[in-house]
Amino acid sequence: MADMTTLIVISSFIMFPAVMMAQEVVNHGVCPVPMNKEEEEIIKEQERNREQMEEIMKEIEISCLDECQTGQHNCHDDAYCTNTKRSFTCTCKPGYTGDGVNCADINECETGNHLCDIYVSKCINNKGSYKCVCKSGYKDMCTGRADRNECETVKHNCNAISSLCRNTKGSFRCACRKGYSELTLVCYTACLKNILVYKYLFTRMRENKAYFLNVESKLIPVYCHMEAAELGPCGGGGWTLVMKTDGKKNTSHYDSKLWTDKKDHNPSAGKTLLDHQETKLPTYWSTPFTKICLAMKIDHQVNSIVINKQANSLHSLIADGNYRSTSLGRDTWKKLIGRQASLQRNCNKEGFNSRGLHPSRSKARIGIVSNEQNECNSPDSTIGFGTSGYPYKNNTCGNMADYQPDNGNKNIEAMGYILVQ
C-alpha cells in the first residue's frame, strides 16, 4: 500500500469525527486535549504490547490491501480490476475478450453482436465498441447503437459495499455511498478505516509537530506540543502555540501593538518550537484555555512554568492594559531563568500587565516586577515577556535587575515561548 501514509495524513482530521478529539481540533482551533483515564489505560496497554499490535497492523493491511487502487496488479489496460480479500480479479471490459490479463477487441460487426439496422445502416468497428453509419439516402430512417447500461449488466468494477454504479453515456462511474468518504477516487471501507484509526491513535495525535487547525474559518498550520519532552513542568497533553518572542528584538516590546491588535506576525514560523524565529499566531486572540505554558530558552537551556488561568484568549487578558494578578510567587518566576535569576525583594507584582506607577520603570505584559522599596511605584527588576523600562528598556523577554537585587544586577535576554491548553 504505497500511498497509505499520504492518505492517513490527509484524512486524519476529516474522516473520523467520532475518533477521540479530532473533530474538536478542526472546529475549535485548539490542539488535542489529553485523553481521559480510560483512553489513557487503553493506549498504555497497547503500547505495552506494541510489537504484537504492529503484527496485527500488518495483518490488517495485508487483508485490506486494494491492489486495484495501488496499481499492484497485472490486469490489462482494457480490463477491470476488482479487489478481493488478499487478492484481485481481472475482467475484460465490454467489447473485449480474454482472461483479463490479456484482452483483445471484439469486432461486433463481424460477430453480429451489434444493434445496427443492416438494411439502412452500416456497422463500423471501434476499439471496444462500434458505431452505426447510415447508408446513403437513409439518414432519417436508420438507428444508431443503443447505450449499454453497465450498471444493470454488472459490467463494472464499483465496490458493492462502499459505492454505487452510475451509468453514463458509453460508460459508467462509481459514486461513494452515504457514510463513505471519497479521496483520490477511493471510497474508504470499514477495513481501511480500522487501519487509519490505529495509526491515528499511535502516531498522528501523539507527535510534537504542526497540525492544521481551523482558526476563524481558515485552516492554518500551528505547532502542537503533544509529548512531555522538552517543556519540563509544562509536559505534553496538547499545548497550542500562541507566540514566540526574542528578547534581543523590539518586536514584543511592552508598548508594541503586537500585544493589543489582532494581526498575526510571521505566521510561517508558527509550525515549530524552541527555535529563534519570532511569531504571533491567530491563536493569540481566538483560542480559549485554562492553562498557559511559559518557556524561556537561554543559550541551550529551556525552563518552563505553568499558569492555571481560564480565559477566552490571551488577547482578552492583555490587550486592554488592565492588570490581572497571578499567585505563582517570585521563586516560581525565577525558575524561568534558572540559577542566574535576580529580583529585588519587595513589591513582587505578578500577572498580566504588571507595572508600577512610574511609566518608565520595569514592566511586563506577562511576568513579575519587583522593587527594593516596600512599594510598587518604581520597580527596577522584572522577569517576563513583553518587558521594557528601566534599567534595560531594550530587553523585551528575560530578566533585568538593578538596585540591590537578590542575585546581582542582570540583563538576561531570552527567547520566549507562549503556549495555551
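Heads up: the structure comes first, above all this text.
Here goes a summary of the coordinates provided. (Residues numbered from 1 in each chain as written. Predicted model: local features only at pLDDT ≥ 70, side-chain atom pairs only at ≥ 80, totals over all residues. Heavy atoms only, no water.)

Comments concerning the overall build of the protein
In terms of helices and strands, the protein carries eleven helices and 23 strands. For the protein, the residues scored as buried account for 45% of the 421 residues in total. Partitioning the contacts of the protein with sequence separation of at least 6, the portion at a separation of at least 24 is 50%. Taken as a whole, the protein presents about 21500 Å² of accessible surface, with 48% of it coming from carbon and sulfur. (Helix = DSSP H or I, 4+ residues; strand = E, 2+ residues; numbered from the N terminus. Buried < 20%, exposed > 50% of the residue type's maximum accessible area, 1.4 Å probe, protein only. Contact = heavy atoms within 4.5 Å. Areas by Shrake-Rupley, 256 points an atom, 1.4 Å probe, with all protein chains shown as cover.)

Details of the nonpolar core
Ile292, Leu294, Leu314, Ile366, Phe385 and Ile418 are the most contacted members of the largest nonpolar core, which has 32 residues in total. Contributing elements (two or more residues each) for this core: β13 (239–246), α9 (283–286), β15 (289–298), β16 (301–311), α10 (314–318), β19 (363–371), β20 (381–388) and β23 (415–420). Of the residues forming this core, the biggest block, five residues, is contributed by β15. Core analysis: the second largest hydrophobic core is formed by 21 residues, Ile220, Val222, Leu241 and Cys293 among them. (Core = buried A, V, L, I, M, F, W, Y, C linked by side-chain atoms within 4.5 Å.)

What to know about the pattern of salt bridges
Under the defined criterion, the tally for this structure stands at eight salt bridges. A salt bridge links lysine 244 to aspartate 275; the shortest N-O distance between them is 2.7 Å. Taken together, the residues span a long stretch of sequence, with lysine 244 in strand β13 and aspartate 275 in the loop between β13 and β14 (279–280) at a distance of 31 residues. Here the residues in one salt-bridge network are Arg330, Lys334 and Asp406, joined through shared partners. (Salt bridge = Lys/Arg side-chain N within 4 Å of Asp/Glu carboxyl O.)

Section: the pairing of strand β5 (residues 121–126)
In this sheet, strand β6 (residues 129–134) lies alongside β5 in antiparallel orientation, the contact comprising six bridges. For serine 121, the partnering residue across the bridge sits in β6 and is cysteine 134. Where β5 folds back onto β6 in an antiparallel hairpin, the turn is made up of two residues, including glycine 128, whose phi is positive at roughly 80 degrees. (Pairing = 2+ DSSP bridges.)

Brief notes about the side chain of serine 362
Positionally, serine 362 belongs in the loop between β18 (346–355) and β19. Excluding residues that lie within four positions of it along the chain, serine 362 makes contacts with Arg355, Gly356, Val369, Pro379, Asp380, Ser381, Thr382, Ser388, Gly389, Tyr390, Pro391 and Met400.

Some details on the side chain of aspartate 380
Mapping aspartate 380 onto the fold places it in the loop between β19 and β20. When near neighbours in sequence (up to four residues on either side) are disregarded, aspartate 380 contacts Gln344, Arg361, Ser362, Ser370, Asn371, Glu372, Tyr390, Pro391, Met400, Ala401, Asp402 and Tyr403.

What to know about the pairing of β19
With nine of nine residues buried, β19 lies mostly within the body of the structure. Inspection of the sheet shows β18 paired to β19 by seven bridges, in the antiparallel sense. In the sheet register, asparagine 346 faces β19, and the bridge partner there is asparagine 371.

Examining the packing of aromatic side chains
Overall, the coordinates contain two aromatic pairs when judged by the stated rule. Arranged with centres 6.1 Å apart and planes meeting at 40 degrees, the rings of tyrosine 390 and tyrosine 403 form a pair that is tilted. In this pair, tyrosine 390 sits in the loop between β20 and β21 (397–401) while tyrosine 403 sits in the loop between β21 and β22 (410–413), placing the two residues 13 residues apart along the sequence. Lying over the aromatic face of tyrosine 211, lysine 209 brings its terminal NZ or CZ to 5.2 Å of the ring centre. A cation over an aromatic ring shows up here: lysine 349 above the ring of tyrosine 323, its NZ or CZ 4.6 Å from the ring centre. (Phe/Tyr/Trp six-rings, centres within 6.5 Å; stacked < 30°, edge-to-face > 60°. Lys NZ or Arg CZ within 6 Å of the ring centre and 35° of its normal.)

Observations concerning the state of the cysteines
Scanning the entire structure with this criterion turns up six disulfides. Covalent S-S linkage joins cysteine 116 and cysteine 132, the inter-sulfur distance amounting to 1.9 Å. In this structure, the disulfide formed by cysteine 116 and cysteine 132 twists by about -90 degrees around the S-S bond and is classed as left-handed. Of this pair, cysteine 116 sits in the loop between α6 (108–111) and β5 while cysteine 132 sits in strand β6, and the two are 16 residues apart along the sequence. The class of cysteine 116 is buried, set by a relative accessible area of 9%. You can call cysteine 132 buried: its relative accessible area is 16%. Here cysteine 347 is linked by a disulfide to cysteine 376, with a sulfur-sulfur distance of 1.9 Å. The disulfide joining cysteine 347 to cysteine 376 has a torsion of about 115 degrees about its S-S bond and is therefore right-handed. Note that cysteine 347 is positioned in strand β18 and cysteine 376 in the loop between β19 and β20, a separation of 29 residues in sequence. (Disulfide = S-S within 2.5 Å.)

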